[in-house]
Amino acid sequence: MSTEHLRGRFQKDTDRVAARYIASIPFDQRLYRQDIAGSIAHARMLGRQGIIPEGEAEAIISALAEIREEIDQGQFHFKVELEDIHMNIEARLIEKIGDVGGKLHTARSRNDQVALDLRLFCKEAIGETVRGLKGLQAALLDVAEANIDVIMPGYTHLQRAQPVLLSHHLLAYFEMLQRDVLRFRDCLARTDVMPLGSGALAGVPYPIDRDFVAQQLGFSRISQNSIDAVSDRDFVIEYQAAASMAMMHLSRLAEELVLWSTEEFGYVDINDSFASASSIMPQKKNPDVAELARGKTGRVYGHLLGLLSGMKGLPLSYNRDLQEDKEGLFDTVDTLHASLEAFTGMVRTLRVNARRAGQAAEGGYLLATDVADYLVRKGLPFRQAHSVVGRLVAYAAEKKRALSHLGLEEYRRFSDLFEADVLQMTAGASVAARSVPGGTAPDQVRAQVARARRAVNDE
Ligand code: ARG
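Caption draft 1: Summary view of the overall build of the protein. Helices and strands together make up the secondary structure of the protein, namely 18 helices and 6 strands. In terms of overall size, the protein is more extended than a compact globule, its C-alpha atoms giving a radius of gyration of 31 Å where 459 residues would be expected to give roughly 23 Å. Seen along its three principal axes, the alpha-carbon backbone of the protein occupies a region of about 100 × 50 × 40 Å. A buried classification covers 49% of the 459 residues belonging to the protein. Taking as baseline every contact in the protein between residues at least 6 positions apart, the subset at least 24 positions apart corresponds to 76%. Working note: accessible area of the protein is about 22000 Å², and carbon and sulfur atoms make up 52% of it. Within the protein, the 62 negative side-chain charges are centred at a point lying 5 Å from the centre of the 55 positive side-chain charges.

Caption draft 2: Inspection of the site of the ligand at higher detail. Taken together, the neighbourhood of the ligand is formed by S24, D28, D84, H86, R110, N111, V114, Y318, R320, Q323 and K326. Between S24 and the ligand, the recorded distance is 3.1 Å, taken from a side-chain N or O atom to a nitrogen atom. For the ligand, whose free accessible area comes to 340 Å², the fraction covered by protein is 87%. Broken down by element, the residue count for the shell around the ligand peaks at 3 residues, all from helix α6 (residues 110-146).

Caption draft 3: Main features of the pairing of strand β1 (residues 151-156). Here β1 runs beside strand β2 (residues 159-165); their pairing, made up of 6 bridges, is antiparallel. Bridge pairing in β2 links Y155 to R160. What sits between the antiparallel neighbours β1 and β2 is a turn of 2 residues, in which H157 has the positive phi angle 55 degrees.

Caption draft 4: Expanded view of the packing of aromatic side chains. Evaluated as defined, the whole model comprises 9 aromatic pairs. Plain terms: the ring middles of F265 and Y267 are 5.4 Å apart, the flat faces sit at 80 degrees to each other, and that makes the pair edge-to-face. Relative to F418, the ring of Y411 has its centre 5.0 Å away and its plane inclined at 70 degrees; by these criteria the two rings are edge-to-face. Here the two residues Y411 and F418 agree in accessibility, since each one is buried. An aromatic cluster is present here, built from Y155, W260, F265 and Y267 joined pairwise through their rings. One Lys or Arg, R48, reaches over the ring of F212 and ends 4.0 Å from the middle of that ring. Above the ring of F219, the side-chain terminus of K123 is found at 4.3 Å from the ring centroid.

Caption draft 5: Structural view of the nonpolar core. Formed by 62 residues in total, the largest nonpolar core has its most connected members in F184 and Y239. Residue assignment for this core shows that the elements contributing at least two residues are α6, α7 (166-191), α10 (234-260), α11 (288-311), α12 (325-348) and α13 (354-362). The greatest single-element share of this core, amounting to 14 residues, is contributed by α10. Setting aside residues no more than four positions away along its own chain, Y239 makes contact with A125, I126, T129, F184, C187, L329, T332, V333, L336 and H337. Residues A57, I85, L116 and A214 belong to the second largest nonpolar core, which totals 34 residues.

Caption draft 6: Just helix α5 (residues 85-97), in detail. With 13 residues, α5 extends 18 Å from end C-alpha to end C-alpha; this agrees with the ideal 18 Å at 1.5 Å per step. Turning to α5, its buried residues number three or more, namely I85, H86, M87, N88, I89, E90, A91 and L93. Turning to α5, the residues buried within the fold contact α2 (25-28), α3 (32-48), α4 (54-72) and α6. G98 occupies a position one or two residues after α5 and carries a positive phi of about 75 degrees.

Caption draft 7: Seen up close, a nonpolar patch on the surface. On the surface, a nonpolar cluster with roughly 280 Å² of combined accessible area is contributed by L201, I227 and L316. With respect to the helices and strands, the residue I227 is situated in helix α9 (residues 226-231).

Caption draft 8: Structural context of the pattern of salt bridges. Within this structure, the stated rule accounts for 34 salt bridges. Here K123 makes a salt bridge to D192, at a shortest N to O gap of 2.8 Å. Note that K123 is positioned in helix α6 and D192 in the loop between α7 and β3 (193-194), a separation of 69 residues in sequence. Classification of K123 as buried rests on a relative accessible area of 18%. On the accessibility criterion, D192 (11% relative accessible area) is buried. Between R348 and D142 there is a salt bridge; the shortest N-O distance is 2.5 Å. Of this pair, R348 sits in helix α12 while D142 sits in helix α6; the two residues are 206 residues apart in sequence, bridging distant segments of the chain.

Parameters at a glance
- Residues numbered from 1 in each chain as written.
- Predicted model: local features only at pLDDT ≥ 70, side-chain atom pairs only at ≥ 80, totals over all residues.
- Heavy atoms only, no water.
- Helix = DSSP H or I, 4+ residues; strand = E, 2+ residues; numbered from the N terminus.
- Rg over C-alpha atoms; globule rule 2.2 N^0.38 Å.
- Buried < 20%, exposed > 50% of the residue type's maximum accessible area, 1.4 Å probe, protein only.
- Contact = heavy atoms within 4.5 Å.
- Areas by Shrake-Rupley, 256 points an atom, 1.4 Å probe, with all protein chains shown as cover.
- Lys, Arg positive; Asp, Glu negative; His and termini not counted.
- Charge placed at Lys NZ, Arg CZ, Asp CG, Glu CD.
- Near = heavy atom within 4 Å.
- Polar contact = N/O pair within 3.5 Å; in protein donor to acceptor, adjacent residues only side chain to side chain.
- Pairing = 2+ DSSP bridges.
- Phe/Tyr/Trp six-rings, centres within 6.5 Å; stacked < 30°, edge-to-face > 60°.
- Lys NZ or Arg CZ within 6 Å of the ring centre and 35° of its normal.
- Core = buried A, V, L, I, M, F, W, Y, C linked by side-chain atoms within 4.5 Å.
- Expected span 1.5 Å × (residues − 1).
- Patch = residues over 30% accessible without salt bridge, like charges linked within 9 Å, V, L, I, M, F, W, Y side chains within 5 Å.
- Salt bridge = Lys/Arg side-chain N within 4 Å of Asp/Glu carboxyl O.

Following this line, the structure appears as structure tokens:
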């Protein structure tokens with residue numbers, strides 16, 4: 001069987017090349033569970049409303065369940081001549097139960113059917129995405145907690161700026177991922193809309209019960225405009241936009257892990273099980289998981305741009321261009337989920353080199369702001385204090401010495417407000433002093449870890 005039975009008005013068969021070009025079955029077979037769930041709910045509604053006899057609805061429903069089983073078992077033969085998942089399943093239904101199977105498509109079009117399948121798919125994907133994000137958040141919290149007091153240099157412009165807690169730095173990624181969780185949940189609200197009943201575009205001339213179908217399929221609402229319902233892919237774009245942002249966050253973390261695991265930084269060691277070897281240089285341990293996530297981020301952005309561009313010139317309502325929504329979406333979902341899973345393992349097994357990180361934070365001029373704040377506490381306006389310490393740093397740099405290696409009389413050459421206690425300054429005291437909400441002081445970071453744990457565990 002092929003879609004030739006639909007070609008009543010044509011005088012020629014479909015060209016083989018054209019048939020292959022048009023077909024979506026190679027990729028939309030992934031939607032078979034959603035398609036069958038939608039058809040079962042639709043058939044049940046048709047029977048309940050007396051649009052088809054209830055016994056026939058029952059026959060359709062049990063045959064659809066058998067077809068699902070056949071596909072589950074890999075025993076279903078998908079045919080490219082049948083174009084898509086919808087026609088493949090319908091053809092098999094008719095093969096199994098005869099003409100009664102032909103009644104399933106009453107009061108329905110492939111246009112509202114595919115919109116339904118895709119919404120069901122996205123709803124499930126969002127659930128899994130949120131679970132993946134939370135898994136990575138939990139791993140970040142574990143590493144932060146296990147290394148809660150480790151100090152490292154904080155950077156701006158990738159120049160050493162001020163000492164921070166490494167746990168505080170990791171919690172910055174927790175916050176990004178938390179916004180991702182909220183974004184995906186927000187996107188779920190607009191995905192959770194049931195389009196069936198829109199027909200091809202204008203609605204259907206049967207006494208259907210859309211709310212019953214919505215309730216059967218676990219949707220909270222039905223769509224309000226049939227023309228919009230068959231042509232809307234905003235929910236796919238929103239998923240892809242949220243996924244692009246989540247990948248961007250992973251990519252930034254990737255970049256830092258690549259940097260931190262170099263011999264130059266040496267703040268972390270990526271576990272052997274998440275690193276690769278070089279085929280020529282025996283000493284190498286490459287952070288390929290991190291690098292690939294950085295690389296795959298571009299691909300996910302590409303899918304977002306692809307669909308946005310595909311939609312911008314489309315007249316209402318359904319156009320076949322819309323079939324191009326699927327491969328990008330599927331690849332986005334798979335790439336994001338695989339990246340989250342790999343990162344969760346990589347982060348969980350990360351070893352922190354507290355000594356290297358701490359040394360980097362103690363040396364040099366990271367305490368310059370603290371020295372300026374010291375002068376402010378002695379009564380100097382901050383701008384003047386900044387300038388005094390600027391000159392002090394220039395002096396120390398000239399002599400190739402760290403601030404901590406200068407003597408009191410050298411400090412006093414720049415301001416007589418300096419006293420012996422200026423020599424007591426440490427990176428530890430610097431972070432402890434920043435005890436504002438959201439600051440890097442250990443008491444604040446501990447409170448943030450506790451708050452973050454609660455957020456991960458909420459539903
Ligand atoms: N395979 C199509 C898609 O993915 C299903 C809808 C086809 N509708 C149509 N009128 N040809 O969008």
